Amino acid sequence: MPEYEFVDVYVPRGVSRKETARLLTDHAEYGHWELDRLSLLRDGSRKVRLRRRIIRQVRATW
């Protein structure tokens, strides 16, 4: 079962969809994040949850 770490990003209501898409694209390209959940709140702001897989190193035993 893969393990993930999460980060929540809050985008205020004055930010356009294009700017939000650019922000999330930057997170995806440079931080290896992927979109987990996006909520559009009543006031027009967005709450975004991003996730990325945790890769654990297995120790080699001799």
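A brief structural summary. Source: prediction; values computed, not measured.

Calculation criteria
In this numbering scheme, every chain counts its residues from 1 along its sequence in written order. Since the coordinates come from a predicted model, pLDDT governs what is reported: local features require at least 70, and pairs of side-chain atoms require 80 or more to be given and counted, while whole-chain, interface and lining totals use all residues. For side-chain calculations, the full set of non-hydrogen atoms in the structure is used, while hydrogens and water are omitted. At least two bridges found by DSSP between two strands is the condition for calling them paired. Strands are runs of DSSP state E lasting at least 2 residues, helices are runs of H or I lasting at least 4, and numbering of each runs from the N terminus. A fitted line through C-alpha atoms serves as each axis, taken over the contacting stretch for helices, and the angle formed by two N-to-C directions is quoted from 0 to 180°. By the convention used here, residues are in contact when the closest approach between their heavy atoms is within 4.5 Å. Residue exposure (1.4 Å probe, protein chains only): buried if accessible area is under 20% of the type maximum, exposed if over 50%, otherwise partly exposed. Charged residues are defined here as Lys and Arg on the positive side and Asp and Glu on the negative side; His and the ends of the chain fall outside this count. Here, a salt bridge means any side-chain nitrogen of Lys or Arg that lies within 4 Å of a carboxyl oxygen of Asp or Glu. Polar contacts, as counted here, are pairs of nitrogen or oxygen atoms within 3.5 Å of one another; within protein the pair requires one atom able to donate a hydrogen and one able to accept it, and residues that are adjacent in sequence qualify only if both atoms are side-chain atoms.

Quick notes on the sheet that holds strand β2 (residues 34-40)
Now for step 1: Taken in spatial order, the 3 strands make up an open sheet running β1-β3-β2, and their pairing is antiparallel. Two strands in the sheet have a free side with no partner beyond their single neighbour: β1 (3-11) and β2. Sheet twist, expressed as the average angle between the axes of neighbouring strands with direction ignored, equals 20°.
Now for step 2: Here β2 pairs with strand β3 (residues 46-54) via 6 bridges, running antiparallel. From the neighbouring strand, Glu34 faces β3, where its bridge partner is Arg51.
Now for step 3: In the packing of helix α1 (residues 17-31) onto the sheet, the strands contacted are β1 and β3, and the crossing angle to β3 comes to about 15°.

Let's talk about the side chain of Arg46
Now for step 1: Structurally, Arg46 can be placed in strand β3.
Now for step 2: At 8.6 Å, Glu19 is the nearest oppositely charged side chain to Arg46, a buried residue that forms no salt bridge.
Now for step 3: Looking at Arg46, its side chain comes within polar contact range of the main-chain oxygen of Val15, at 3.4 Å.
Now for step 4: The residues contacting Arg46, other than those within four sequence positions of it, are Val9, Tyr10, Val11, Val15, Arg17, Thr20, Ser39 and Leu40.

Keep in mind that these numbers describe shape and distance, not what the molecule does.
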